[in-house]
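# Breakdown of the fold
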Amino acid sequence: MFTLTSADGDYLSPTPGTLGGHRRARLYGRLDCPSALRAIARGGYVRHRVFFADEAAAVAAGYRPCASCLPQRYAEWKEQRAAAGHTDAELGALIGLLERERPRVRAVVVGHGRDAASTTAAEAFARAWDGDLLAVVDWPEEAASWLRQARRFASGEPDAWVVAGAPLGWARMSRRLRLSTAWDPARTFGFASVARAVALAPPGTMEGVRGADPDGRAWRIGRNLITYHEDER
């Protein structure tokens, strides 16, 4: 019997898998992938190794194609992710963080930049969220002060804020939030693009913000760095 992975978890199969993967990196590839074989030869990779019956099972489990052995599939995945503004693994991990938060999160305010990717990600979250949606606030990349948008975003006393925004616009918006409102970054959760804004804002502006990356890993912003760990869903 062989242990395979699917969207429902691991299971035993009399047939070996046709693709291999890395549980922590959330990627899948060919069994003869040169990159994976080199890592295995060095003694790494093995304890995170998983196998899939086929590509559909790997995709359903939230894994992305390997850039080394599946370059065409990886390019297609990257293009789709850019157009969508998020991945299914990213959205699922983000909602998982909110669902595990204590005290329980029920009411949220969603904020997003006005670019297509951020808008799409915010709309996907709104459709998937099972709690109360108090407001949806958007903001431009360029503005005189972002004060009006910041006040709208910080009002309403939500249990949490959820953000989808291009790095530069969100860096400016978060600075205005810290200067002019009672916004709490420790109660804020974001899509992957939010983490990239930390280098564009004054140190400490986003300290405590949490979120998920496209592979489903959770991250947290410290004062000057971002730490990542695998989301325990």
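Quick summary incoming for the structure in this document. Per chain, the residues get numbers from 1 upward, laid out in the order the sequence is written. With pLDDT at 70 or above as the cut-off, local features in this predicted model cover only qualifying residues; side-chain atom pairs require 80 or more to be listed or tallied, and sums for whole chains, interfaces and linings still use all residues. Calculated side-chain values reflect all of the structure's heavy atoms, with hydrogen atoms and water omitted.

With that out of the way, let us pick up the packing of aromatic side chains. In summary, the pairing rule links any two rings of Phe, Tyr or Trp, Trp by its six-membered ring, whose centres are within 6.5 Å, and it sorts them by plane angle into stacked for under 30 degrees, edge-to-face for over 60 and tilted for everything else. Considering all chains together, one arrives at eight aromatic pairs under this definition. Aromatic side chains W139 and F153 sit 5.9 Å apart centroid to centroid with 85° between the ring planes, which places their arrangement in the edge-to-face category. Taken together, the residues W139 in strand β8 (residues 132-139) and F153 in helix α6 (residues 147-154) connect sequence positions 14 residues apart. Here F153 and W170 contribute two aromatic rings whose centre-to-centre distance is 6.4 Å and whose plane-to-plane angle is 75°, an arrangement assigned as edge-to-face. In this pair, F153 is assigned in helix α6 and W170 in helix α7 (residues 167-180), connecting sequence segments 17 residues apart. W170 shares its class with F153; the two are buried. Members of the aromatic cluster, joined through ring pairs, are W139, F153, W161, W170 and W183. Helix and strand definitions here come from DSSP, where helices need a minimum of 4 consecutive H or I residues and strands a minimum of 2 consecutive E residues; each element is numbered from the N-terminal end. For the exposure calls, accessible area comes from a 1.4 Å probe over protein chains only, and a residue counts as buried if that area is under 20% of its type's maximum, exposed if over 50%, partly exposed in between.

Time to look at the packing of α6 against α7. Two measures define how a pair of helices packs: the angle their axes make with one another and the distance between the axes. The angle between two axes is taken between their N-to-C directions and runs from 0 to 180 degrees, where each axis is a line fitted to C-alpha atoms and a helix contributes only its stretch in contact. Where α6 meets α7, the closest approach of the two axes is 9 Å, and the angle between their N-to-C directions is 70°. By the criterion of interaxial angle, the relationship of α6 to α7 is roughly perpendicular. Residues L147, Q149, A150, F153 and A154 of α6 form the contact with α7, whose participating residues are W170, M173, R176, L177 and S180. For the contact of α6 with α7, the per-class residue count stands at seven nonpolar, two polar and one charged. When an angle is under 35 degrees it counts as roughly parallel; over 145 it counts as roughly antiparallel; between 65 and 115 it counts as roughly perpendicular; any other value is oblique. Should any heavy atoms of two residues lie within 4.5 Å, those residues are counted as being in contact. Under the scheme applied, nonpolar residues are Ala, Val, Leu, Ile, Met, Phe, Trp, Tyr, Cys and Pro; charged residues are Asp, Glu, Lys and Arg; polar residues are all the others, including Gly.

What follows concerns the pairing of β8. At least two DSSP bridges between two strands are needed for those strands to be called paired. In the sheet, strand β7 (residues 107-113) pairs with β8 via seven bridges, with the strands oriented parallel. Paired with A107 across the bridge in β8 is D132. Between the parallel pair β7 and β8, the chain is carried across by helix α5 (residues 116-128), and the sense of this crossover is right-handed. Crossovers are described as right-handed under a simple rule: with the strands pointing away from the observer, the path leading from the first strand over the helix to the second runs clockwise.

A few words on the environment of T119. By the element assignment, T119 lies in helix α5. T119 sits 108 residues away from Y11 along the chain, and the two C-alpha atoms are 37 Å apart. T119 has contacts with H112, G113 and R114, leaving out every residue within four places of it along the chain. Here a polar contact is recorded for every N or O atom pair within 3.5 Å, except that within protein the pair must consist of a potential hydrogen donor and a potential acceptor, and residues adjacent in sequence are included only if both atoms are side-chain atoms. Polar side-chain contacts of T119 include one of 3.0 Å to the backbone oxygen of D115.

The next thing to look at is α5. Every helix has an expected span of 1.5 Å times one less than the residues it contains. Taking 1.5 Å of rise per residue, the 13 residues of α5 would be expected to cover 18 Å, and the 18 Å separating its terminal C-alpha atoms lies within 8% of that figure. Taken together, the buried positions of α5 are occupied by S118, A121, A122, A124 and F125. All buried residues of α5 project into a common sector of 160° when viewed along the axis, lining one side. In α5, the exposed positions that point more than 90 degrees away from the buried face belong to A116 and R127. Arc, as used here, means the arc of the directions from the helix axis to the C-beta atoms.

It is worth spelling out the packing of helix α4 (residues 88-100) against α5 at this point. At a closest axis distance of 11 Å, the pairing of α4 and α5 adopts a crossing angle of 55°. It follows that α4 is oblique to α5 by the angle criterion. α5 is crossed by α4, and the crossing has right-handed handedness. Contact residues: α4 offers L91, L94, I95 and L98, while α5 offers A124, F125 and A128. Less than a right angle of anticlockwise turn of the near helix away from the far helix marks a crossing as left-handed, whereas a clockwise turn marks it as right-handed.

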